[in-house]
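Breakdown of the fold
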Amino acid sequence: MKWLKVSSAVVMMVLITACSSKPMPEALAVLADAEQTDKYYLFKADNPTVKSCYIYYPGGLVEAEAYAPYVADIAAAGAHAFLLKLTLDLAMLDVDAAENAKQSDFAKANCKNYVLGGHSLGGIGIALYAEKVKDDGLLFISSYAHKEGLVAQHPQPVMVVRGSNDLLSSEEETNEAKPFMPAVTQYITIDGGNHAQMGYYGPQNRDGEATISRAEQQQQLVKYTMDILRQMDK
């Protein structure tokens with residue numbers, strides 16, 4: 001993910017020349033289970049098993065709806081979960097988007113603590129937010145803090161989950177970023193997983209080929225997400 005270290009001018013050029021990845025049909029079908037505002041989708045857990053809630057920052061230039069099955073599965077596993085709608089599908093342009101969820105009446109009544117998750121550039125969003133707000137657990141999915149001073153001293157649980165075949169957030173780059181992360185960060189690799197199968201938007205240019213199914217990769221991702229949510233309950 002060395003391309004994350006780009007200037008805002010380059011990001012704007014990307015916006016001009018590229019369109020956001022679209023969700024697969026199965027992702028759109030899941031949206032019927034969500035409550036929707038102009039800022040987020042809310043998937044409510046029928047039988048909550050944790051008191052902490054999940055707030056998710058989508059990957060860069062990927063429409064939020066492409067992550068609906070994953071966030072819905074978190075709710076099915078027992079955690080209320082918010083899927084954020086980001087300005088121009090870029091977390092760097094909407095770093096404080098988590099506040100839209102936290103300030104909702106539902107969150108105030110039902111959420112004891114929060115875990116913020118972010119895929120790829122969404123992880124940059126949660127790192128920038130966590131520079132100011134230290135209260136939340138952080139789940140970097142195919143991502144990591146991109147510079148020092150953001151989360152290295154973060155007091156809450158921090159986890160990094162990536163696929164072994166992910167060439168957009170490689171093992172080498174993840175290791176190079178370790179000085180920017182808390183010493184107690186939990187690093188987890190999904191064997192056979194890649195970058196794009198963390199969502200439901202189809203193949204991604206320059207990504208590695210997954211050797212496990214999307215369903216299997218997602219099942220493991222949900223498990224690890226619930227793990228860090230349980231840690232925030234303690």
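Quick look at the structure, then. A quick note: this is a predicted structure, and the numbers were derived from the prediction, not measured.

1. Considering the sheet that holds strand S4 (residues 81–84)
Neighbouring strands of a sheet are bound in pairs by backbone hydrogen bonds; such pairs are parallel or else antiparallel. Taken together, eight strands build an open sheet; the order of strands is S1-S2-S4-S3-S5-S6-S7-S8 and the sheet is mixed. In the strand order of this sheet, the two ends are held by strand S1 (35–36) and strand S8 (186–190), each with one partner. Across four bridges, strand S6 (residues 137–141) lies against strand S7 (residues 158–163) in parallel orientation. Residue pairing across strands places leucine 138 opposite valine 158, the latter belonging to S7. Together, strand S3 (53–57), strand S5 (114–119), S6, S7 and S8 form the strand contacts of helix H8 (residues 214–233), whose direction differs from that of S7 by roughly 175°.

2. Notes on the state of the cysteines
On inspection of all chains with the given rule, the structure shows one disulfide. Through a disulfide, cysteine 53 is tied to cysteine 111; the S-S separation comes to 2.1 Å. Taking the sign of the S-S torsion, about -90° here, the bridge from cysteine 53 to cysteine 111 comes out left-handed. In this pair, cysteine 53 is assigned in strand S3 and cysteine 111 in the loop between helix H5 (105–110) and S5, connecting sequence segments 58 residues apart. By relative accessible area, which is 1% here, cysteine 53 ends up buried. The exposure class assigned to cysteine 111 is buried, which follows from its relative accessible area of 12%.

3. Considerations on unusual backbone geometry
For serine 120, which is not glycine, the phi torsion reads 55° and is therefore positive. Within the secondary structure, serine 120 sits in the loop between S5 and helix H6 (121–130). Of note, serine 142 is a non-glycine position whose phi angle comes to about 50°, a positive value. In this fold, serine 142 is placed in the loop between S6 and S7.

4. Some details on the pattern of salt bridges
Summed over all chains, the structure comprises six salt bridges. Of the charged contacts, one joins lysine 44 and glutamate 35 as a salt bridge, the two residues approaching to 2.7 Å between their closest N and O atoms. According to the relative accessible area criterion, lysine 44 is partly exposed, its value standing at 36%. Given the relative accessible area of 43%, glutamate 35 is considered partly exposed. Across the salt bridge formed by aspartate 227 and lysine 223, the nearest N and O atoms sit 3.1 Å from each other. Taken together, the positions of aspartate 227 and lysine 223, both in helix H8 and four residues apart, correspond to about one turn of that helix.

5. Topic: the pairing of S8
Relative to S8, S7 runs parallel, the two being bridged by five bridges. Looking at S8, one finds that arginine 162 is bridged to threonine 189. Crossover connection from S7 via helix H7 (residues 171–176) to parallel S8: handedness right-handed.

6. Details of the packing of aromatic side chains
On inspection of all chains with the given rule, the structure shows seven aromatic pairs. Taking 5.9 Å as the distance between ring centres and 40° as the angle between the ring planes, the aromatic pair formed by tyrosine 54 and tyrosine 56 counts as tilted. According to the relative accessible area criterion, tyrosine 54 is buried, its value standing at 0%. Between the aromatic rings of tyrosine 54 and tyrosine 70, the centroid separation amounts to 6.0 Å while the plane-to-plane angle is 85°, which identifies the pairing as edge-to-face. Of this pair, tyrosine 54 sits in strand S3 while tyrosine 70 sits in helix H3 (residues 68–77), and the two are 16 residues apart along the sequence. The residues tyrosine 54 and tyrosine 70 share a single accessibility class, namely buried. One aromatic cluster is present, built from ring pairs that chain together Tyr54, Tyr56, Tyr67, Tyr70 and Tyr201. A cation over an aromatic ring shows up here: lysine 85 above the ring of tyrosine 41, its NZ or CZ 4.5 Å from the ring centre. Above the plane of the ring of tyrosine 187 lies lysine 178, whose end atom (NZ or CZ) is 4.6 Å from the centre.

Calculation criteria
Residues numbered from 1 in each chain as written. Predicted model: local features only at pLDDT ≥ 70, side-chain atom pairs only at ≥ 80, totals over all residues. Heavy atoms only, no water. Pairing = 2+ DSSP bridges. Helix = DSSP H or I, 4+ residues; strand = E, 2+ residues; numbered from the N terminus. Contact = heavy atoms within 4.5 Å. Axes fitted to C-alpha atoms, helices over the stretch in contact; angles between N-to-C directions. Disulfide = S-S within 2.5 Å. Buried < 20%, exposed > 50% of the residue type's maximum accessible area, 1.4 Å probe, protein only. Salt bridge = Lys/Arg side-chain N within 4 Å of Asp/Glu carboxyl O. Right-handed = clockwise from strand over helix to strand, strands pointing away. Phe/Tyr/Trp six-rings, centres within 6.5 Å; stacked < 30°, edge-to-face > 60°. Lys NZ or Arg CZ within 6 Å of the ring centre and 35° of its normal.

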